[in-house]
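# Structure at a glance
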Amino acid sequence: MPQRRAITGRSQEPRARFAEELRLLRDQRGLTLRALADLAGWDATLFGKMEKGQTLGGPEVVMALDTFYDTTDKLLTLWELAKADPTQFRERYRQYMALEAEALSMWHFGGSVLHGLLQTREYAGELLAAGGIVGDELEQQVDARMGRQNVLNEEGAPPFRAILSEAALRNSLQNHHQWRRQLEHLAAMSERPSVTLYVLPFGAGLHGLMDTAVTFLRLPDARTVAYVETAVSGELIEDANGVEDLQRRYDAIRDAALNPAASQTFILRMLEEAPCEPSTSAL
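The notes below deal with the structure included here. All figures in this text were calculated on a predicted structure; none of them were measured in a lab.

## A short note on the overall build of the protein chain
Within the protein chain one finds 13 helices and 6 strands. Looking at the protein chain alone, contacts between residues at least 24 apart form 65% of all its contacts between residues at least 6 apart. Of the accessible surface of the protein chain, which amounts to about 15,000 Å², a share of 51% is contributed by carbon and sulfur atoms.

Shown next as structure tokens:
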């Protein structure tokens with residue numbers, strides 16, 4: 001689908017518009033990427049990827065560019081719009097992502113994989129790569145997933161409850177240091193007042209969502225919808241009877257899980273047991 005264009009000829013797609021604005025501002029100054037990097041104090045490669053739309057960068061670099069170009073908060077505003085744009089996600093996820101952004105509360109059970117709102121950048125990258133995403137699209141999708149997490153970082157974040165199977169806590173990353181960082185991140189998330197984590201340990205028995213991940217979103221219009229996902233497909237369930245059936249299954253799993261305090265202890269024990277990278281120092 002061709003990009004929508006405004007009267008100015010610039011894209012109306014938030015991510016593309018942000019990249020265009022960055023290129024335009026640099027061209028107006030007659031600067032190379034390297035010259036911009038020297039003057040603004042950031043990496044030229046990062047600026048190049050931002051101008052190509054391969055990454056959005058972080059708020060710090062965007063604010064630095066606003067200061068350098070004397071554009072007040074124009075670039076930061078465009079960056080926030082690009083971060084929130086659901087079209088950055090693969091098509092089958094877009095409707096869910098739009099609903100997630102406005103949800104009043106969220107409940108999740110994920111089987112053997114951690115929810116995207118709980119993932120570190122390294123975990124997201126390895127998981128998405130395992131699903132066949134590569135190159136620039138991989139970096140874009142990781143950026144999009146990290147941007148989603150703003151919903152839990154903002155003041156007044158919606159309550160988020162997630163049941164983590166022990167399998168998800170034992171499916172470690174290939175890099176031991178990155179896996180420890182993921183476990184540390186989970187432990188830190190469990191301390192947040194808006195986040196409640198449960199662990200479903202091995203031996204808890206069979207249940208009604210053995211091969212299924214499900215997320216429930218309570219919406220401002222008083223509806224609750226459910227997003228059901230497998231490794232290869234996802235479906236938004238809006239029918240009240242279907243959602244009710246899934247909620248009963250979810251509640252049965254939560255009843256079998258460890259309570260939040262015991263779950264936090266479980267995660268910390270996993271962190272203690274996690275291997276460290278072998279030392280490379282000479283004896």
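## With respect to the sheet that holds strand E1 (residues 105–109)
Judged by pairing direction, the sheet is mixed, and its 6 strands sit side by side in the order E3-E2-E1-E4-E5-E6 without closing on themselves. Each having just a single partner strand, strand E3 (195–200) and strand E6 (234–237) make up the two edges of the open sheet. The average angle at which neighbouring strand axes cross in this sheet is 15 degrees, direction not considered. Bridge count between strand E2 (residues 160–165) and E3: 6 bridges; the pairing is parallel.

## Some details on the nonpolar core
Counting residues in each nonpolar core, the largest one holds 35 residues, and the members touching the most others are Leu164 and Leu169. Mapped by element, the contributors of at least two residues to this core are helix H6 (91–102), helix H9 (150–153), E2, helix H10 (166–170), helix H11 (176–189), E3, strand E5 (224–229) and helix H13 (260–273). Once you skip the residues sitting within four places of it in the chain, Leu169 turns out to touch Leu164, Trp179, Leu183, Leu186, Val199, Phe266, Ile267 and Met270. In this structure, Leu36, Ala40, Leu76 and Trp79 belong to the second largest nonpolar core, which totals 20 residues.

## Comments concerning the packing of aromatic side chains
Applying the stated criterion across every chain, the model contains 3 aromatic pairs. Ring centres of Phe216 and Tyr250 lie 5.5 Å apart, and the angle between their planes is 75 degrees; this geometry places the pair in the edge-to-face category. Of this pair, Phe216 sits in strand E4 (residues 213–218) while Tyr250 sits in helix H12 (residues 240–256), and the two are 34 residues apart along the sequence. This pair shows no difference in class: Phe216 is buried, exactly as Tyr250 is. Positioned above the aromatic ring of Phe68, the side-chain terminus of Arg29 is 5.2 Å from the ring centre.

## Observations concerning helix H1 (residues 14–29)
Since the α-helix turns once every 3.6 residues, residues separated by three or four places project in the same direction. Its 16 residues place the ends of H1 23 Å apart at the C-alpha level, agreeing with the 22 Å of an ideal helix rising 1.5 Å per residue. Along H1, the residues classified as buried are Arg15, Ala16, Phe18, Ala19, Glu20, Glu21, Leu22, Leu25 and Arg26.

## Topic: the environment of Tyr250
By relative accessible area, Tyr250 is classed as buried at 2%. Taking the C-alpha atoms as reference points, Tyr250 and Leu209, 41 residues apart in sequence, are found 7.6 Å from one another. Residues contacting Tyr250, with those up to four places away along its chain left out, are Trp107, His108, Phe109, Arg161, Ile163, Leu209 and Phe216.

## Focus: helix H7 (residues 121–130)
By the burial criterion, the buried members of H7 are Tyr123, Ala124, Gly125 and Leu128. Positioned one or two residues after H7, Gly132 has a phi angle of 100 degrees, which is positive.

## Let's talk about the pattern of salt bridges
Charged atoms that come close allow side chains of opposite charge to pair. Under the definition given, this model contains 13 salt bridges. Close ionic contact of Asp143 with Arg121 constitutes a salt bridge, the shortest N to O distance being 2.6 Å. Here Asp143 is found in helix H8 (residues 135–148), whereas its partner Arg121 is found in helix H7, with 22 residues between them in sequence. Between Arg248 and Glu244 there is a salt bridge, with the nearest N and O atoms lying 3.6 Å from each other. Residue Arg248 and its partner Glu244 are both found in helix H12; the two are separated by 4 residues, about one turn of the helix. A relative accessible area of 38% places Glu244 in the partly exposed class. Each of Glu244, Asp245, Arg248 and Arg249 takes part in one network of salt bridges that share partners.

## With respect to the side chain of Asp66
Its place among the elements puts Asp66 in helix H4 (residues 59–69). As a buried residue without a salt bridge, Asp66 has its nearest oppositely charged side chain in Lys74, at a separation of 8.2 Å. For Asp66, the side chain forms a polar contact with the main-chain nitrogen of Leu76, separated by 3.0 Å. Residues contacting Asp66, with those up to four places away along its chain left out, are Thr71, Thr72, Asp73, Lys74, Leu75 and Leu76.

Scoring rules and cut-offs
- Chains are numbered independently. Their residues run from 1 in the order of the written sequence.
- Confidence filtering applies because this is a predicted model: local features only for residues at pLDDT of at least 70, side-chain atom pairs given and counted only at 80 or more, and all residues used for totals across whole chains, interfaces and linings.
- The basis for the side-chain values is all heavy atoms of the structure; hydrogens and waters are excluded.
- Helix and strand assignments come from DSSP, with helices taken as H or I runs of at least 4 residues and strands as E runs of at least 2, each series counted from the N terminus.
- Only heavy atoms matter for contacts: two residues are in contact if any of them lie within 4.5 Å across the pair.
- Exposure was quantified through the Shrake-Rupley algorithm and a 1.4 Å probe, taking into account, for residues, occlusion by the shown protein chains and nothing else.
- Here, any two strands with at least 2 DSSP bridges between them count as paired.
- To obtain an axis, a line is fitted to C-alpha atoms, over the contacting stretch when the element is a helix, and the angle between two such axes runs from 0 to 180 degrees between their N-to-C directions.
- Working definition of a nonpolar core: buried Ala, Val, Leu, Ile, Met, Phe, Trp, Tyr and Cys residues. They are joined through side-chain atoms within 4.5 Å.
- Here's how the labels work: a residue is buried when its accessible area is under 20% of the maximum for its type, exposed when over 50%, partly exposed in between, all with a 1.4 Å probe on protein chains only.
- Here the aromatic set is Phe, Tyr and Trp, taking the six-membered ring for Trp, and pairing holds for ring centres within 6.5 Å; pairs whose planes are under 30 degrees apart are stacked, those over 60 apart are edge-to-face, and all others are tilted.
- Only when the NZ of Lys or the CZ of Arg is both within 6 Å of the ring centre and within 35 degrees of the ring normal is a charge said to sit over the ring.
- Each residue after the first adds 1.5 Å to the expected span of a helix.
- Whenever Lys or Arg places a side-chain nitrogen within 4 Å of a carboxyl oxygen from Asp or Glu, that contact is recorded as a salt bridge.
- Just so you know, the count uses Lys and Arg for positive and Asp and Glu for negative, and it drops His and the chain ends.
- Polar contact is the term for a pair of N or O atoms within 3.5 Å; when the atoms are in protein, one must be able to donate a hydrogen and the other to accept it, and sequence-neighboring residues count only if both atoms are side-chain atoms.

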